[in-house]
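Topology and contacts: notes
If you want the building blocks of each chain, they are given just below.
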Amino acid sequence: MRLYPILFRYLDNYRVFNKYQWITARIKKSKEDSRPESFKIDPESIVPGEVIAPDRFMWHLRSEVVFKSTRYIYTSMEALLNDNKANRVSMGFVRPRVVNDVFVESRPHEDFETFLCKMSDNQARRKQQSLFEEMASPNLKNLRFLNSRFKVSWHCQDVECKGHNTSILDWEVYELARKIGNEAALSAISERLDLSSYDVGFFMGNLKAYPNRFAIGGIWYPKRNELKNQLYLNL
């Protein structure tokens, strides 16, 4: 399920939540977004709940929730693309067989123009949303446009896979880049995508304007360890 819009920077402190944390909220199917998995959320109804913490058994507790249903788990990127073509599926989980490279690519000027348009549109909409009624426009938080995009070159599990070059749209990745810079962020991402050390998977999602184009919306990266074979003996 895709829930949006969540203007995370403007949530009240008691509504802020983390990754892998349960929330309750009012939602409804989006009329503007035809993707089957897209729902609108009322940000003012968000109530954070239990946090599913990482554990030493390769995120076993998290995996019990995230992978409880196998509906959106795909053996390859090609399988996800086929399901997208046949059933308009707009998201799925895919594991890489090989990660060839992680790199930074300069964004075209058109992206900056789009960014400015979205900022202007967001400011106009905020004036009509109760969430911002008490917030004067001078106090609105300004976002800095990042002129770089992180991408991954990888092969999925399909033996005939010719390779994928996929943009990373994970919000946390770009927050990291804002804080420590592109070079340090690139190093950290590359470390997490080391398949010999981490059990990596990609949460893929397509773009509303380009339904056949997928990006990495999130990264699954529990650290591999020798305890995984003793999992059920130690629980």
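Before going into details, it helps to say that this report is about the structure given with it. (Residues numbered from 1 in each chain as written. Predicted model: local features only at pLDDT ≥ 70, side-chain atom pairs only at ≥ 80, totals over all residues. Heavy atoms only, no water.)

1. Considering the pattern of salt bridges
Throughout the structure, instances matching the rule amount to 11 salt bridges. Between R71 and D83 there is a salt bridge whose closest N-O contact spans 3.2 Å. Of this pair, R71 sits in the loop between α1 (60–66) and β6 (73–74) while D83 sits in helix α2 (residues 77–87); the two residues are 12 residues apart in sequence, bridging distant segments of the chain. Of the charged contacts in the structure, one is a salt bridge between R95 and D199, with a shortest N-O distance of 2.9 Å. Here the residue R95 occupies a position in the loop between β7 (91–94) and β8 (96–106), and D199 occupies one in the loop between α5 (182–192) and β11 (201–206), the gap between them amounting to 104 residues. Counted as one network, the salt bridges with shared partners bring together K19, D170 and E172. (Salt bridge = Lys/Arg side-chain N within 4 Å of Asp/Glu carboxyl O. Helix = DSSP H or I, 4+ residues; strand = E, 2+ residues; numbered from the N terminus.)

2. Observations regarding α2
Turning to α2, its buried residues are M77, L80, D83 and N84. Seen end-on, α2 carries its buried residues on one side only, within an arc spanning 120 degrees. Exposed side of α2, more than 90 degrees from the buried face: N82, K85 and A86 are the residues found there. On its buried side, α2 packs onto β6, β7, β9 (148–156), β10 (164–167), β11 and β12 (214–220). Note on α2: the residue one or two positions beyond its end, R88, has a positive phi of about 60 degrees. (Buried < 20%, exposed > 50% of the residue type's maximum accessible area, 1.4 Å probe, protein only. Arc of directions from axis to C-beta. Contact = heavy atoms within 4.5 Å.)

3. A look at the packing of aromatic side chains
Throughout the structure, instances matching the rule amount to 11 aromatic pairs. With 6.0 Å between their ring centres and 70 degrees between their planes, Y20 and W220 make a pair best called edge-to-face. Placement of the pair is Y20 in the loop between β1 (2–4) and β2 (21–24) and W220 in strand β12, with a sequence separation of 200 residues. When the ring centre of Y210 is taken as origin, the NZ or CZ atom of R213, which lies over that ring, is 4.3 Å away. Taking NZ or CZ as reference, K223 lies 4.8 Å from the ring centre of Y198, over its face. (Phe/Tyr/Trp six-rings, centres within 6.5 Å; stacked < 30°, edge-to-face > 60°. Lys NZ or Arg CZ within 6 Å of the ring centre and 35° of its normal.)

4. Some thoughts on the side chain of N84
Within the secondary structure layout, N84 lies in helix α2. Polar side-chain contacts of N84 include one of 3.2 Å to the backbone oxygen of P211. In contact with N84, not counting residues within four places along its chain, are V89, N206, P211, N212 and F214. (Polar contact = N/O pair within 3.5 Å; in protein donor to acceptor, adjacent residues only side chain to side chain.)

5. Digging into the nonpolar core
Among the nonpolar cores identified, the biggest contains 25 residues, and F202 and M204 are the most heavily contacted of them. Within the residue set of this core, elements represented by two or more residues are α2, β9, α4 (171–180), α5, β11 and β12. A per-element tally of this core places β9 first, with four residues. Not counting residues up to four positions away in its chain, the partners in contact with M204 are M77, L80, S90, M91, G92, V94, W154, T166, F214, A215 and I216. (Core = buried A, V, L, I, M, F, W, Y, C linked by side-chain atoms within 4.5 Å.)

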